[in-house]
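Structural description and commentary
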Amino acid sequence: MGERVLGLTDVLRSLTDNERAAGQTLSMVPSEAAMSGIAKLPLLLDAYHRYFFNEGGDPDRWHFRGGQDLSKLETDLAVPLLAELGQAEWVSLRPLSGLNTMTLVLASLGGPPGSDVMTLSPDVGGHYATERLATRLGLRVHQLGGPDPHGLDLDRAYEQVAAVRPPLVYVDQSHCLFPLDVRSLVETVRRASPATRVHVDTSQWLGLVLGGVFDNPLDCGADSYGGSTHKTFPGPQKGVFLTRDPQVAKQIEETQEYLISSHHFAATISLGIALLEFRQFGAEYARAVVDNTHRFGALLAERGITVIAQDRGFSAGHQLWLDTDADSIAPQVASDRLFQAGIRINFMAGLPGVTGQAVRIGLNEPTYRGLAEPELVELADVFVAGVRATERPENLAARVAQLPRRAWRRGPTDSESALARQALALCAASLAYPASE
Ligand SMILES: Cc1ncc(COP(=O)(O)O)c(C=O)c1O
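In this text the structure is predicted, and so the values were computed from the model without any measurement. (Residues numbered from 1 in each chain as written. Predicted model: local features only at pLDDT ≥ 70, side-chain atom pairs only at ≥ 80, totals over all residues. Heavy atoms only, no water.)

1. Quick notes on the domain arrangement of the protein chain
Short version of the rule: For the purposes of this description, domain bounds are those given by an automatic or database domain assignment. Throughout, a contact is declared for two residues whenever any of their heavy atoms are within 4.5 Å. Buried area: the accessible area, evaluated with a 1.4 Å probe, that two parts lose upon being put together, summed over both parts.
Split by domain assignment, the protein chain resolves into domain 1 (24-34 + 280-402) and domain 2 (38-276). In this structure, domain 1 and domain 2 have C-alpha centres spaced 28 Å apart. Taken together, the contacts link 33 residues of domain 1 with 27 residues of domain 2. For the pair domain 1 and domain 2, the summed buried surface comes to about 2,100 Å²; carbon and sulfur atoms form 62% of the total.

2. Focus: the sheet that holds strand 9 (residues 319-322)
Note the cut-off: Any two strands between which DSSP finds at least two bridges are classified as paired. Under the DSSP-based scheme used, a helix requires at least four consecutive residues in state H or I and a strand at least two consecutive residues in state E, with every element numbered from the N terminus. Orientation is described by axes fitted as lines to C-alpha atoms, over the contacting stretch for helices, and by angles from 0 to 180 degrees between their N-to-C directions.
The antiparallel open sheet is built from three strands, whose spatial order is 9-12-11. The open sheet has two free edges, formed respectively by strand 9 and strand 11 (346-349), since each of these has just one partner strand. Put simply, the sheet's adjacent strands are angled 35 degrees from each other on average, direction ignored. The pairing of strand 9 with strand 12 (residues 357-362) spans four bridges and is classified as antiparallel.

3. What about the site of the ligand?
Note the threshold: Throughout, the term near means that a residue has one or more heavy atoms lying within 4 Å of the molecule or strand in question. Within 3.5 Å is the distance limit for a polar contact, defined as a pair of N or O atoms, with the added protein rule that one can donate a hydrogen and the other accept it, and that residues adjacent in sequence qualify only through two side-chain atoms. Each accessible area is a Shrake-Rupley result for a 1.4 Å probe, and residues are judged covered by the shown protein chains and nothing else.
What surrounds the ligand is the set Ser97, Gly98, Leu99, His127, Gln173, Ser174, Asp201, Ser203, Gln204, Ser228, His230 and Lys231. Measuring from an oxygen atom of the ligand, one finds a side-chain N or O atom of Ser174 at 2.7 Å. Take His230: an N or O atom from its side chain is 3.0 Å from an oxygen atom of the ligand. When the ligand is considered free in solution it has 400 Å² of accessible area, and contact with the protein chains removes 85% of it.

4. Concerning the sheet that holds strand 5 (residues 168-171)
Strand order across the open sheet formed by seven strands is 2-8-7-6-5-3-4, with mixed pairing between neighbours. Lying at the two open borders of the sheet, with one neighbouring strand each, are strand 2 (90-92) and strand 4 (140-144). Each neighbouring strand pair of the sheet contributes to a mean axis angle of 20 degrees, computed without reference to strand direction. By the bridge criterion, three bridges tie strand 2 to strand 8 (residues 239-243) in an arrangement that is antiparallel. From the neighbouring strand, Trp90 faces strand 8, where its bridge partner is Thr243. Running at roughly 170 degrees to strand 5, helix 4 (residues 98-109) makes contact with strand 3 (116-120), strand 5, strand 6 (197-201), strand 7 (224-228) and strand 8 of the sheet.

5. Overview of the confidence of the model for the protein chain
Counted only if it meets this: Residue-level confidence of the predictor, termed pLDDT, takes values from 0 up to 100.
Model confidence for the protein chain is summarised by a mean pLDDT of 96, while 98% of its residues fall at 70 or above. Averaged pLDDT values over the elements of the protein chain bottom out at 92 in helix 15 (residues 414-429) and peak at 99 in strand 8.

6. Comments concerning the side chain of Arg94
Quick reminder of the rule: Partly exposed describes any residue whose relative accessible area lies between the buried limit of under 20% and the exposed limit of over 50%, with all areas from a 1.4 Å probe on protein chains only and scaled to the type maximum.
The topology assignment puts Arg94 in the loop between strand 2 and helix 4. Owing to a relative accessible area of 6%, Arg94 belongs among the buried residues under this scheme. Among the polar contacts listed, one links the side chain of Arg94 to the side chain of Glu55, at a separation of 3.1 Å. Of the polar contacts made by the side chain of Arg94, one reaches the side chain of His263; its length is 3.4 Å. Ignoring sequence-local partners within four residues, the contact set of Arg94 consists of Phe52, Phe53, Glu55, Glu74, Lys238, Gln256, Ile260, Ser261 and His263.

7. What about the packing of helix 11 (residues 331-340) against helix 13 (residues 373-388)?
Put simply, the rule reads: Orientation labels follow simple angle bins: below 35 degrees gives roughly parallel, above 145 gives roughly antiparallel, 65 to 115 gives roughly perpendicular, and whatever is left gives oblique. By definition, any crossing whose near helix is turned counterclockwise from its far helix by less than a right angle is left-handed, and any crossing with a clockwise turn is right-handed. Here the term charged refers only to Asp, Glu, Lys and Arg, the term nonpolar to Ala, Val, Leu, Ile, Met, Phe, Trp, Tyr, Cys and Pro, and the term polar to all other amino acids, Gly among them.
Following both chains from N to C, one finds helix 11 and helix 13 inclined at 120 degrees, their axes separated by 8 Å at the closest point. By the angle between their directions, the pair helix 11 and helix 13 is classed as oblique. Here helix 11 and helix 13 pass one another in a crossing that is right-handed. Where helix 11 approaches helix 13, its residues Ala334, Arg337 and Leu338 are matched on the opposing element by Phe383, Gly386, Val387 and Arg388. The residue makeup of the contact of helix 11 with helix 13, split by class, is four nonpolar, one polar and two charged.

8. Observations regarding helix 4
Stated precisely, the cut-off is as follows: Here a helix's expected span is defined as the number of its residues, less one, multiplied by 1.5 Å.
Between the first and last C-alpha of helix 4 there are 16 Å, a value that for twelve residues agrees with the 16 Å anticipated at 1.5 Å per step. Here helix 4 lies mainly inside the structure; ten of its twelve residues are buried. Those residues of helix 4 that fall on the buried side of the exposure criterion are Gly98, Asn100, Thr101, Met102, Thr103, Leu104, Val105, Leu106, Ser108 and Leu109. Here helix 4 starts with a cap whose side-chain oxygen sits 3.5 Å from the backbone nitrogen of Leu99, and that cap is Ser97. Residue Gly111 follows helix 4 closely and has a positive phi angle near 90 degrees.

9. Digging into empty space enclosed by the protein
Quick reminder of the rule: Lining residues are defined by having an atom within 4 Å of a point belonging to a cavity or pocket. Those points lie on a 1 Å grid over the protein atoms alone, cavities being sets where a 1.4 Å probe fits but cannot get out and pockets being open sets with protein on both sides within 12 Å along at least five of seven lines. Grid points are joined across faces, edges and corners, and a volume is the space filled by probe spheres set on the points.
Enumeration over the complete set of coordinates arrives at one cavity of 30 Å³ or more. The space that makes up the largest cavity amounts to roughly 50 Å³. For the lining of the largest cavity, the class distribution of residues is seven nonpolar, four polar and no charged.

10. A few points about unusual backbone geometry
Of note, Ala309 is a non-glycine position whose phi angle comes to about 65 degrees, a positive value. Ala309 gets classed as buried once you look at its relative accessible area, which sits at 11%. The residue Ser328 is not glycine, and still its phi comes out positive at about 65 degrees. Tracing the backbone through its elements, the reader meets Ser328 in the loop between strand 9 and helix 11.

11. Brief notes about the pairing of strand 8
Counting buried positions along strand 8 yields five of five residues, so the element is predominantly enclosed. Residues Gly239, Phe241 and Thr243 of strand 8 are buried on one face, and the alternating residues Val240 and Leu242, pointing to the opposite face, are buried as well. The pairing of strand 7 with strand 8 spans five bridges and is classified as antiparallel. What sits directly across from Tyr225, in strand 8, is Leu242.

Printed below as a string of structure tokens:
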């Protein structure tokens with residue numbers, strides 16, 4: 001108490017400095033994504049203040065009218081595009097994030113309080129929050145484990161599911177180098193307990209599923225999937241749910257009615273724009289993410305960094321885990337040094353199969369920023385010099401800032417740019433709000 005509270009000038013300076021730095025640095029945090037400037041536009045505009053509930057356009061349901069003129073941006077853009085790319089019959093864009101989607105799914109499909117639910121053990125990459133969240137909803141959590149950190153013991157899973165016949169198996173793979181075999185898991189669950197639903201939380205993998213490099217969980221027999229839209233999918237911070245089953249859809253629809261009120265309408269429009277862009281480049285981008293990740297793992301290993309799961313090809317997705325302790329550099333020290341060199345990464349405990357802390361990186365955002373083979377070699381040189389502190393960080397940061405930025409999506413046309421500038425000009429005018437006489 002008694003400390004100086006920042007003033008508006010400080011705030012604006014911080015935001016401006018951060019924006020400038022964001023253009024010069026590189027985020028390799030696997031659970032974050034950048035998105036295009038055009039997709040960000042709705043977040044600055046009037047849509048950001050509005051509720052939108054009337055998806056059916058029912059004349060009697062316009063209790064909130066602020067989003068009425070923009071309603072098609074959800075109903076005729078975001079919803080059908082997500083259903084198309086996600087190959088689903090019914091989708092919900094109402095969740096706010098991955099954890100919010102998880103809450104909605106557990107509350108809708110997990111059964112009444114006292115029901116059993118099956119999730120993944122953190123030892124095979126299960127999300128840290130699932131157990132506590134499900135328990136808080138009154139569910140009894142059982143965890144599926146594996147013979148190793150990257151797969152499930154399906155014989156044991158069969159016994160566990162047959163023993164309790166849970167309403168729901170929630171596949172919350174979060175710390176993940178390799179996708180689980182969803183098809184075999186679903187087949188195992190169906191044999192053990194035909195009425196049990198399987199939901200796959202694709203928060204980490206959504207861009208890779210929508211881009212077609214990972215199997216769509218619905219094609220593997222799962223009842224539903226979904227999660228964050230801002231990790232491998234280059235979209236806004238939101239959550240989505242997808243299914244082909246009308247009964248599942250009904251249960252979600254009924255629950256989201258009281259679990260989610262504001263669904264952040266402007267972010268939903270952003271998601272629609274991000275999906276529109278993704279329809280153009282998603283397949284190529286998703287392929288590049290997994291290729292770049294595998295390649296970067298090899299480049300780091302060639303330079304003497306201990307990359308976990310080298311014997312299995314490092315990674316099949318977007319994450320890489322580095323045991324820098326084995327190279328005599330504490331993960332936090334590695335992260336601090338890279339931060340000085342303009343590279344943002346995770347250091348954390350709890351990665352499956354890893355004792356103590358390790359470094360976690362992702363190639364999703366560098367790939368979205370347009371980095372390809374020649375830049376990956378330069379990035380690996382900078383990364384390793386940064387971790388080992390063999391070069392001055394400011395020289396490394398200058399090299400990071402030089403890494404080219406190439407856009408995946410086609411640039412906006414002249415008329416699209418002109419319209420976007422008009423919207424921004426209106427937004428700029430609102431900086432003076434309330435307008436002076
Ligand atoms: C499998 C899984 N579910 C949920 C979440 C939480 O997502 P969010 O941060 O969007 O709430 C994560 C985040 O890492 C995740 O990996």
